[in-house]
Amino acid sequence: MIKTLFRDNGLTLVLLALFGLSVVGQAVAGLASENAELAGHGDPGLTLPAYLASGAFLSSLFENWESEFLQMWAFVMLTAYLFQRGSPESKDPDAPAPQDRDPALDARKARAPLPVRLGGMARAVYSHSLGLALFLLFVVSFVLHLINSARLAADDAQRHGEAIGGGLLAHVGGPEFWFESFQNWQSEFLSTAVLIVLAIFLRERGSPESKPVAAPHTATGTD
């Protein structure tokens, strides 16, 4: 039972485990860094629960989530309409793609997802549900990043005896918040573009993100 569960869900389970370990590492290292900075100003250090609830930790956490969800949303949406010949990450521009098939044609199939069988608005929304979900996750992470980045800026201003800014509106209109965002966004777009291009010429045997090792460079998709 457990062996079958891991075989069928191993990719998700391992990625979630790595995520958990990374968050723990971020929390431990971040707490040490924050307390070192506080000690430099003669302020008392934070406990781990206090740090986990602080703007410093939550701002950095959601800043990274925001950029990741933006990357995934952009990748899903752009690959629906744009092509890169030779990349396994792209549909073939010269052949029909199963992803473009009208789901109404499969409405009577017993194993089709319920929204496909229901039709109407349910099917229309479900046809774009992946993009909508990723965009919603990006928006939520963006807002949480903004809120906690503003908290962090206010805490820093108070620590240095400076006037606290004018809240969320002032913070979203300032350069610091956008610097935090753009420095992550650019790396996500670059890494996606690099993967798309490298996968044209390079292979990783056994990975569904790679073409078969013997496939020609011009072959597009993973078939």
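Refer to the preceding data block for the structure.
Conventions and cut-offs
- Residues numbered from 1 in each chain as written.
- Predicted model: local features only at pLDDT ≥ 70, side-chain atom pairs only at ≥ 80, totals over all residues.
- Heavy atoms only, no water.
- Phe/Tyr/Trp six-rings, centres within 6.5 Å; stacked < 30°, edge-to-face > 60°.
- Helix = DSSP H or I, 4+ residues; strand = E, 2+ residues; numbered from the N terminus.
- Buried < 20%, exposed > 50% of the residue type's maximum accessible area, 1.4 Å probe, protein only.
- Patch = residues over 30% accessible without salt bridge, like charges linked within 9 Å, V, L, I, M, F, W, Y side chains within 5 Å.
- Areas by Shrake-Rupley, 256 points an atom, 1.4 Å probe, with all protein chains shown as cover.
- Salt bridge = Lys/Arg side-chain N within 4 Å of Asp/Glu carboxyl O.
- Axes fitted to C-alpha atoms, helices over the stretch in contact; angles between N-to-C directions.
- Parallel < 35°, antiparallel > 145°, perpendicular 65-115°, else oblique.
- Left-handed = near helix turned anticlockwise from the far one by under 90°.
- Contact = heavy atoms within 4.5 Å.
- Nonpolar A, V, L, I, M, F, W, Y, C, P; charged D, E, K, R; others polar.
- Lys, Arg positive; Asp, Glu negative; His and termini not counted.

(A) Representation of the packing of aromatic side chains within the structure. One pass over the full model with this rule turns up 13 aromatic pairs. Taking the centre distance of 6.0 Å and the plane angle of 50° together, the rings of Phe19 and Trp65 count as tilted. You can see Phe19 sitting in helix α1 (residues 2-40) and its partner Trp65 sitting in helix α3 (residues 55-81), a full 46 residues away along the chain. Given the relative accessible area of 30%, Trp65 is considered partly exposed. In textbook terms, an aromatic cluster arises when at least three aromatic residues are bridged by ring pairs, as seen for Trp73, Phe135, Phe138, Phe142, Phe177, Trp178, Phe182 and Trp185.

(B) Summary view of a nonpolar patch on the surface. On the surface, Leu5, Phe6, Leu11, Leu13, Val14, Leu15, Leu18 and Leu21 cluster together into a nonpolar patch covering about 810 Å² of accessible area. With respect to the helices and strands, the residue Leu18 is situated in helix α1. By relative accessible area, which is 47% here, Leu18 ends up partly exposed.

(C) The arrangement of the packing of α1 against α3 in detail. At a minimum axis separation of 10 Å, α1 and α3 run at an interaxial angle of 140°. The angle between the axes of α1 and α3 places the two elements in the oblique class. Relative to α3, the crossing made by α1 is right-handed. For the pair α1 and α3, contact is made by Phe19, Val23, Gln26, Ala27 and Glu34 and by Ala56, Phe57, Ser60, Leu61 and Trp65, respectively. Here the contact of α1 with α3 is built from residues that sort into seven nonpolar, two polar and one charged.

(D) Quick peek at the environment of Leu31. Relative to the helices and strands, Leu31 is located in helix α1. Sequence-distant contacts of Leu31, that is, excluding residues within four places in its chain, are made with Leu46, Thr47, Leu48 and Tyr51.

(E) Representation of the pattern of salt bridges. One pass over the structure, following the stated rule, counts five salt bridges. Two residues, Arg85 and Asp94, come together in a salt bridge whose shortest N-O distance is 2.8 Å. Given a relative accessible area of 43%, Arg85 falls into the partly exposed group. Lys91 serves as the salt-bridge partner of Asp100, at 3.0 Å between the closest nitrogen and oxygen.

(F) Region of interest: the side chain of Glu63. Inspection of the secondary structure puts Glu63 in helix α3. Of the side chains with opposite charge, Arg151 lies nearest to the buried Glu63, which makes no salt bridge, at 13 Å. If sequence neighbours within four positions are ignored, Glu63 has contacts with His145, Glu180, Gln183 and Asn184.

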